[in-house]
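Residue strings, one per chain:
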Amino acid sequence: MAAAAAASASIRERQTVALKRMLNFNVPHVKNSTGEPVWKVLIYDRFGQDIISPLLSVKELRDMGITLHLLLHSDRDPIPDVPAVYFVMPTEENIDRMCQDLRNQLYESYYLNFISAISRSKLEDIANAALAASAVTQVAKVFDQYLNFITLEDDMFVLCNQNKELVSYRAINRPDITDTEMETVMDTIVDSLFCFFVTLGAVPIIRCSRGTAAEMVAVKLDKKLRENLRDARNSLFTGDTLGAGQFSFQRPLLVLVDRNIDLATPLHHTWTYQALVHDVLDFHLNRVNLEETSGVENSPAGARPKRKNKKSYDLTPVDKFWQKHKGSPFPEVAESVQQELESYRAQEDEVKRLKSIMGLEGEDEGAISMLSDNTAKLTSAVSSLPELLEKKRLIDLHTNVATAVLEHIKARKLDVYFEYEEKIMSKTTLDKSLLDIISDPDAGTPEDKMRLFLIYYISTQQAPSEADLEQYKKALTDAGCNLNPLQYIKQWKAFTKMASAPASYGSTTTKSMGLLSRVMNTGSQFVMEGVKNLVLKQQNLPVTRILDNLMEMKSNPETDDYRYFDPKMLRGNDSSVPRNKNPFQEAIVFVVGGGNYIEYQNLVDYIKGKQGKHILYGCSELFNATQFIKQLSQLGQK
């Protein structure tokens, strides 16, 4: 069925296709064309690098004919007989540098691609420079690519990474922000969202909460889409892109939510693989950086301390194990790594055994030809060698990553935190007092304790009395916590209390299956003694719940007054009454003020139960709890 086939083109594929087309001099890239590709140089800025690196590996770039990829602002030598493809933001300094390249005649020809639309005046600057350098004929093409967003998963994107502090939660919620600064922040977000919909080839129906930053984004995005649609000649949403689009039958729903509707989830300790990696390790644009200590056990006294080796691994969609388990609870991941390792060892032994049976170590040809049956076996074993090596690489990768995560879980008792926070958020009775955990020196870092307390503070209906609060504050200070984030959350809570009731997090979620040591077989590499084997029950977080209401057209006081925008309607009417009463098949949830893998995973789990529906999760920046606490702390200092 054509519709199903088209729907499988994820945003990741669409952005990758757009990048390949650009690297192919803006001609659609054909896979099976024989012959060498045209060799060329790719020049990008940091923004371009962040967009390309999660999508195309160095090998894929080479297959596209890219021999060199260089940063625009690095010192580059002239390569006069090679075409150069530029992929940069249209900023003043980038344009200046490009004009300088033209003057210095660095390359044979120039294909200029702007990540986001370039203004008329800047285009004129380039034209003037090209004229002055008499290089007009060398400037082959100038394109606006509308690719100003970063795709991390088939169904997840984030707006930017380079200057994310410009659109961070802190930037939007600063008490001293001026109107013009706020406009700039909103325009930045809208520009990226606009690029996202151009790449998706669809005009959404927009819903948003009132009186929030999300509403400001909705108003501006509606206006920008409307203006583009009205300019029929230059509209980006016409012709071939639309018919082939994912949404040829039904338009997608864009739900814009504000981070402030749920501040507990970004602070939450988590239990699924991908979210844990993001929480406790340095995981950034799909790459995880690990520090490995190289041992000096039996070295003489006074030996140099262990040297730390930095290793980085890419966790990509090609990695089957990652794709399968990134949403699994951690104990399951540890078991799966172990099983993979055992199945790999069995295969490896088989190859060795066949080799030795056949005495391939120096046997003459005749003897080998007689063993035709075994030869067939050996051939199959040898042909599976590359596959085996790749399997081994992935097993090593996940053994290292999972071990690093496990060290954090054990050292900081993250399972205890996770279980306790789940109980707080689902308002279950607590089995031990919050004060005990905060004052237990072995449980977690000061930051873990602060996260736990903030979640408690955000989630309780009844704020603790002043006397209790003082006692908690003293315990937190004794544990070495910085109380700035609490200052901010206190103001925030007082403010939102006037606005609305706190978000509810559904019913209880975890049940402990006893300690893990019994579950894991004894030969396992993962020593999980004392870590609880917690099993997750699906329950919807606030963002997922809001999406569910709007996507399924359910009436709910939480979302009934959400504003409704349809950029295709001639006159924008400001109503919260949807014209379309049918449930949506496709939706994009976008969190203004930052998102996290916990919400992403919750949405993925939610949609699994819905046949034929797709969800994309996007956020203005992707932060883990450490980065979020830092922002709250800066807000609390004011």
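Residues numbered from 1 in each chain as written. Predicted model: local features only at pLDDT ≥ 70, side-chain atom pairs only at ≥ 80, totals over all residues. Heavy atoms only, no water.

A. Examining a negative patch on the surface more closely. On the surface, Glu-92, Glu-93, Asp-96 and Asp-125 cluster together into a negatively charged patch. Counting residues per element, the negative patch draws most heavily on helix α5 (residues 92-103), at three residues. As for its position among the elements, Glu-92 is in helix α5. (Patch = residues over 30% accessible without salt bridge, like charges linked within 9 Å, V, L, I, M, F, W, Y side chains within 5 Å. Areas by Shrake-Rupley, 256 points an atom, 1.4 Å probe, with all protein chains shown as cover. Salt bridge = Lys/Arg side-chain N within 4 Å of Asp/Glu carboxyl O. Lys, Arg positive; Asp, Glu negative; His and termini not counted. Charge placed at Lys NZ, Arg CZ, Asp CG, Glu CD. Helix = DSSP H or I, 4+ residues; strand = E, 2+ residues; numbered from the N terminus.)

B. View of unusual backbone geometry. Unlike most non-glycine residues, Phe-25 shows phi in positive territory, near 60 degrees. Along the chain, Phe-25 falls in the loop between α2 (11-23) and β1 (40-44). The residue Asn-26 is not glycine, and still its phi comes out positive at about 60 degrees. In this fold, Asn-26 is placed in the loop between α2 and β1.

C. Quick peek at the state of the cysteines. According to the stated counting rule, one finds zero disulfides in the structure shown. Here Cys-160 stays free of any disulfide, with the sulfur of Cys-619 as its closest cysteine sulfur at 9.9 Å. Among the residues examined, Cys-160 registers a relative accessible area of 9% and is labelled buried. (Disulfide = S-S within 2.5 Å. Buried < 20%, exposed > 50% of the residue type's maximum accessible area, 1.4 Å probe, protein only.)

D. Geometry of the pairing of strand β4 (residues 107-114). Of all eight residues making up β4, seven are buried, and the element is well covered by its neighbours. One ladder, built from seven bridges, connects strand β3 (residues 79-88) with β4; its direction is parallel. Bridge assignment links Val-85 to a residue of β4, and that residue is Tyr-111. Handedness of the crossover is the feature at issue here: the chain leaves β3, passes through α5, returns alongside β4, and the resulting connection is right-handed. Considered for its hand, the β-α-β crossover made up of β4, helix α6 (residues 120-132) and strand β5 (residues 139-144) is right-handed. (Pairing = 2+ DSSP bridges. Right-handed = clockwise from strand over helix to strand, strands pointing away.)

E. Examining the pattern of salt bridges more closely. In this structure the tally under the stated criterion is 28 salt bridges. Between Lys-326 and Glu-153 there is a salt bridge whose closest N-O contact spans 2.5 Å. Of this pair, Lys-326 sits in the loop between α12 (320-325) and α13 (330-357) while Glu-153 is found in strand β6 (residues 150-153), placing the two residues 173 residues apart along the sequence. Taken as a pair, Lys-326 and Glu-153 share a single burial class, namely buried. Between Asp-548 and Lys-554 there is a salt bridge whose closest N-O contact spans 2.5 Å.

F. Just the packing of helix α11 (residues 273-280) against helix α16 (residues 385-412), in detail. Two elements in contact, α11 and α16, have axes whose closest approach is 10 Å; the angle formed by their N-to-C orientations is 70 degrees. With respect to α16, the axis of α11 lies roughly perpendicular. The two elements α11 and α16 meet at a crossing, and its hand is left-handed. Listed contacts from α16 to Tyr-273, Leu-276, Val-277 and Val-280 of α11 are His-398, Val-401, Ala-402, Val-405, His-408, Ile-409 and Arg-412. Of the residues assigned to the contact of α11 with α16, the class counts are eight nonpolar, two polar and one charged. (Axes fitted to C-alpha atoms, helices over the stretch in contact; angles between N-to-C directions. Parallel < 35°, antiparallel > 145°, perpendicular 65-115°, else oblique. Left-handed = near helix turned anticlockwise from the far one by under 90°. Contact = heavy atoms within 4.5 Å. Nonpolar A, V, L, I, M, F, W, Y, C, P; charged D, E, K, R; others polar.)

G. The pairing of strand β17 (residues 614-619), seen in detail. With respect to burial, β17 is a largely interior element, five of its six residues being buried. Both strand β7 (residues 156-158) and β17 contribute to a ladder of three bridges, which runs parallel. Across the sheet, Met-156 pairs through a bridge with Tyr-617, a residue of β17. Note on the crossover from strand β16 (residues 586-592) through helix α23 (residues 597-608) to β17: the handedness is right-handed.

H. Fine view of the sheet that holds β7. One open sheet accounts for seven strands, arranged β6-β7-β17-β16-β9-β8-β15; its pairing is mixed. Among the strands making up the open sheet, the edge pair consists of β6 and β15 (563-565). For this sheet, the mean inter-axis angle between neighbouring strands, taken without regard to orientation, is 20 degrees. Looking at chain direction, strand β8 (residues 205-208) and strand β9 (residues 253-258) are connected through four bridges and run parallel.

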